[in-house]
Amino acid sequence: MRKPLVAGNWKMNGSSAGNKLLLNEILAAANSFPSVDVALFPPAVYLHQVQQALKDSNVAWGTQNVSSYHQGAYTGEISATMLHDFDCKYVLIGHSERRCLYAELELDQLVLDRIIAEKYNMAISEGLIPIICIGESPEEHAVGKTEEVIGRHLDILIEHQGVKSLSQAVLAYEPVWAIGTGRSATPEWAQDVHSFMRERVAKYDVETAQGLRILYGGSVKGNNAAPLFSKPDVDGGLIGGASLDANEFVKICQSAQKQVLG
């Protein structure tokens, strides 16, 4: 059985005082989900605070982005080697808000896919575990292009680094139409897409596909996590807004724990 992973993406939220309270409340409940991998993704300016709070716990941490370059004149970028200074284990790559809200919006889609693949390569080469976010836009969803979009994303990752590299990575299906909207995909829809993703990888390598963790991300909350996590190809969640509420986030982690216990 694949071990569930619950990843909390704080996005551009937080303060030193607020983070301390949130971290303390999550740590106080950590014994209630011992069989679940948990990771938090704060804004980079709070990495040191999060590292210090979590370093002796079973909760991991990472960043919301990484550069495709080692070092140099890239103002505002953060390299994978720098992340080792903060003992980061994971890094998010290709989140829809990175794809859609910044300069990447102006790039040809295939060029953007290749940038994401280069960041993926960098994370793998530096020993970080990339969580690769992929999913369809509202427009693509409306015209039935979900599998076309996701297949393209997967194929380019495999083309760049080989299918075996996915054994060192995590995939996150995040339907853009469900992020921050309060609209979550139904458990059945999530299962169908996750199953498609696993089958796509299996065309290249069955063993890698079977071991690959695939998370669902898109308005996951304490009251809908259990039915999502009950699906056989849903291996946890990439949590946005609910990760800023300790009670909600703990409930989500506990839902993943219950799935392990059956």
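The structure contained in this document is the topic of the report that follows. These numbers were taken from a predicted model, which means no experiment stands behind them.

Conventions we followed
- Residue numbers run consecutively from 1 along every chain, following the written order of its sequence.
- Local features in a predicted model are, by the rule used here, given only for residues with pLDDT of at least 70; side-chain atom pairs are given and counted only at 80 or more, and totals for whole chains, interfaces and linings are based on all residues.
- Only hydrogens and water are removed before side-chain values are computed, so all heavy atoms of the structure are retained for them.
- The secondary structure listing takes helices from DSSP runs of H or I that are at least 4 residues long and strands from runs of E that are at least 2 residues long, numbered from the N terminus.
- Only C-alpha atoms enter the radius of gyration; for comparison, a globular chain is expected to reach 2.2 Å times N to the power 0.38, where N is the number of residues.
- Burial here depends on accessible area, computed with a 1.4 Å probe over protein chains only, as a share of the maximum for the residue type. Under 20% is buried, over 50% is exposed, and the range in between is partly exposed.
- Note on definitions: a residue-residue contact is assigned when non-hydrogen atoms from the two residues lie within 4.5 Å.
- Here the open area of atoms and residues is found with the Shrake-Rupley method and a 1.4 Å probe, where only the protein chains shown may cover a residue.
- When charges are counted, Lys and Arg contribute as positive and Asp and Glu as negative, whereas His and the chain ends are disregarded.
- Where a charge lies is defined by one atom per residue type, namely NZ (Lys), CZ (Arg), CG (Asp) and CD (Glu).

1. Describing the overall build of the protein
What the protein contains, in helices and strands, is eleven helices and eight strands. Computed over its C-alpha atoms, the radius of gyration of the protein comes to 17 Å, within 12% of the 18 Å expected for a compact globule of 262 residues. Counting the 262 residues in the protein, one finds 53% classified as buried. Here the contacts in the protein between residues at least 6 apart in sequence split such that 75% fall between residues at least 24 apart. Surface exposure of the protein reaches about 11800 Å², of which carbon and sulfur atoms provide 52%. Charge centroids of the protein, computed over 22 positive and 30 negative side chains, lie 4 Å from each other.

2. Some thoughts on unusual backbone geometry
What you tend to see is this: most non-glycine residues have negative phi, and most peptide bonds are trans. If you check the backbone angles, Asp 87 has positive phi at about 55 degrees while not being a glycine. Position of Asp 87 among the secondary structure elements: in the loop between α3 (80-84) and β4 (90-93). For Asp 87, a relative accessible area of 48% puts it in the partly exposed group. Even without glycine at this site, Ser 219 takes up a positive phi of about 60 degrees.

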